[in-house]
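These are the residues of each chain, in order.
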Amino acid sequence: MGSLIEDDMKRIVFTGLFMLCSFLSIAQGVGSFFDQGNTRIKTMLQQIALQQTYLSEIKKGYRDTENGLNTAHELKNGTFNLHQTYFNSLSQVSPAVKNNPKIKLVTAYEQQIMTSFDNELSWEKQQGILASDEISYIEKVYNNMLTACTRDLDQLNIVVTPGLAQMKDAERIEQIDKIYTATDDKYKFSMSFTQNSRAFALNRQNGGQQTQVLQKLYDLK
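Thresholds, definitions, all that
- The numbering scheme is per chain: residues are counted from 1 as the chain's sequence reads.
- Under the rules for a predicted model, residues below a pLDDT of 70 receive no local features and side-chain atom pairs below 80 are neither given nor counted, while totals for whole chains, interfaces and linings still include all residues.
- Values shown for side chains rest on all heavy atoms present in the structure; no hydrogens or waters enter the calculation.
- For every element, the axis is a line fit to its C-alpha atoms; helices are fit only across the contacting stretch, and the angle between N-to-C directions ranges from 0 to 180 degrees.
- Helix and strand definitions here come from DSSP, where helices need a minimum of 4 consecutive H or I residues and strands a minimum of 2 consecutive E residues; each element is numbered from the N-terminal end.
- For this classification, under 35 degrees means roughly parallel, over 145 means roughly antiparallel, 65 to 115 means roughly perpendicular, and everything else is oblique.
- Crossings are assigned a handedness: left-handed for a near helix turned anticlockwise from the far helix by less than a right angle, right-handed for a clockwise turn.
- Polar here means any residue other than Ala, Val, Leu, Ile, Met, Phe, Trp, Tyr, Cys and Pro, which are nonpolar, and Asp, Glu, Lys and Arg, which are charged; Gly is therefore polar.
- A pair is scored as a salt bridge if a Lys or Arg side-chain nitrogen falls within 4 Å of a carboxyl oxygen belonging to Asp or Glu.
- Categorising residues by exposure relies on relative accessible area from a 1.4 Å probe, with only protein chains included: less than 20% of the type maximum marks a residue as buried, more than 50% marks it as exposed, and the intermediate range marks it as partly exposed.
- Residue types Ala, Val, Leu, Ile, Met, Phe, Trp, Tyr and Cys, when buried and joined through side-chain atoms within 4.5 Å, form a set referred to as a nonpolar core.
- Ring pairs are drawn from Phe, Tyr and Trp, using the six-membered ring of Trp, whenever the two centres fall within 6.5 Å, and their geometry is named by plane angle: stacked under 30 degrees, edge-to-face over 60, tilted for the rest.
- Distance and chemistry together define a polar contact, namely a pair of N or O atoms within 3.5 Å, with one atom able to donate a hydrogen and the other to accept it when in protein, and with adjacent residues in sequence counting only for side-chain atoms on both sides.
- By definition, residues are in contact when any of their heavy atoms lie within 4.5 Å.
- Values of pLDDT, ranging from 0 to 100, describe the predictor's confidence in every residue of the model.

1. Structural notes on the packing of helix α4 (residues 132–160) against helix α5 (residues 169–205)
And then number 1: Interaxial distance between α4 and α5 falls to 10 Å at its minimum, and their mutual angle equals 165°. Judged on the interaxial angle alone, α5 and α4 are roughly antiparallel. Judged by the sense of rotation from one axis to the other, the crossing of α4 with α5 is left-handed.

This is the structure in structure tokens:
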């Protein structure tokens, strides 16, 4: 009887020890599984975090690009239009410029220059007092004057015609003043030259002056 009890006790202890060992083994295996699982989970979480960061950078870059395109569009259709309006306004001619009295004076002076030379050359050729080289000299001076007057008129046309030049009103008026001054000088010279040419011819006709070249009279080349 006692032997049976001892045997049972041994079996119970052995069974308990076996179960304890099995449990420890299983627990160790489970722990190892969870350790590996934790490492994998950590790796996956890190990859997800990196993807989220990458996606965030892509979104930020897209927003920056979109903002840049919007800014360029605004510059093109806003600031550019503003500048274009300003430049277009510079191409327009205000009434203050169009009605500048010096414009009419320039054209009137140049007409007088041509008339005075035409009349003088016509008279000199009819009278036949001056030599052919002296007549040629008057014609040379006249042609040079016509060339200079044409340049002035071309410049004046650019200043007073809308769309031909981008200038402020003050700049246009300044250019008109310069053209007027230059034309006024030509006008005064032309009047003096033609009058002296006539006086020179009359003095020769009256015997009051020896034959000479007009170039010496004006000291011109």
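2. So, the packing of helix α3 (residues 101–127) against α5
Between two packed helices, both the angle of their axes relative to each other and the distance between the axes serve to describe the pair.
And then number 1: The geometry of α3 relative to α5 is characterised by a closest axis approach of 9 Å and an angle of 20° between their N-to-C directions. Taken together, the axes of α3 and α5 lie roughly parallel to each other. Relative to α5, the crossing made by α3 is left-handed.
And then number 2: Across the contact of α3 with α5, the residue classes break down as 15 nonpolar, nine polar and eight charged.

3. Looking at the pattern of salt bridges
And then number 1: Across all of its chains, the model carries seven salt bridges by this definition.
And then number 2: Glu 134 serves as the salt-bridge partner of Arg 204, at 2.8 Å between the closest nitrogen and oxygen. Here Arg 204 is found in helix α5, whereas its partner Glu 134 is found in helix α4, with 70 residues between them in sequence. Judged on exposure class, the residue Arg 204 and its partner Glu 134 are both buried.
And then number 3: Between Glu 174 and Lys 178 there is a salt bridge, with the nearest N and O atoms lying 3.8 Å from each other. A residue pair is termed a helical-turn pair when its members lie 3 or 4 positions apart in one helix, as Glu 174 and Lys 178 do in helix α5 at four residues.

4. Some details on the nonpolar core
And then number 1: Core analysis: the largest hydrophobic core is formed by 16 residues, its most contacted members being Phe 117, Leu 130, Ile 138 and Phe 193.
And then number 2: It is α4 that provides the largest number of residues to this core, a total of seven residues.
And then number 3: Core analysis: the second largest hydrophobic core is formed by 10 residues, Val 106, Tyr 109, Val 159 and Ile 176 among them.

5. Here we look at the packing of aromatic side chains
And then number 1: According to the stated counting rule, one finds six aromatic pairs in the structure shown.
And then number 2: Between Tyr 109 and Tyr 187, the ring centres sit 4.6 Å apart and the planes meet at 15°, which makes this aromatic pair stacked. Of this pair, Tyr 109 sits in helix α3 while Tyr 187 sits in helix α5, and the two are 78 residues apart along the sequence.
And then number 3: For Tyr 109, a relative accessible area of 18% gives the class buried.

6. Points about the environment of Asp 184
And then number 1: You can see Asp 184 is positioned in helix α5.
And then number 2: For Asp 184, a relative accessible area of 12% gives the class buried.
And then number 3: For the pair formed by Asp 184 and Tyr 109, sequence separation is 75 residues and the distance between their alpha carbons is 6.9 Å.

7. Considerations on the side chain of Thr 194
And then number 1: Looking at where Thr 194 falls in the secondary structure, it is placed in helix α5.
And then number 2: Assessed through its relative accessible area of 7%, Thr 194 is described here as buried.
And then number 3: In this structure the side chain of Thr 194 is engaged in a polar contact, spanning 2.8 Å, whose partner is the backbone oxygen of Ser 190.
And then number 4: Setting aside residues no more than four positions away along its own chain, Thr 194 makes contact with Ser 116, Phe 117 and Glu 120.

8. Observations regarding the confidence of the model for the protein
Where the model shows low pLDDT, its predicted coordinates should not be examined in detail.
And then number 1: Across the protein, pLDDT averages 74, with 52% of residues at or above 70.
And then number 2: Taking the mean pLDDT of every element in the protein, the minimum, 54, falls on helix α1 (residues 2–91) and the maximum, 94, on α3.

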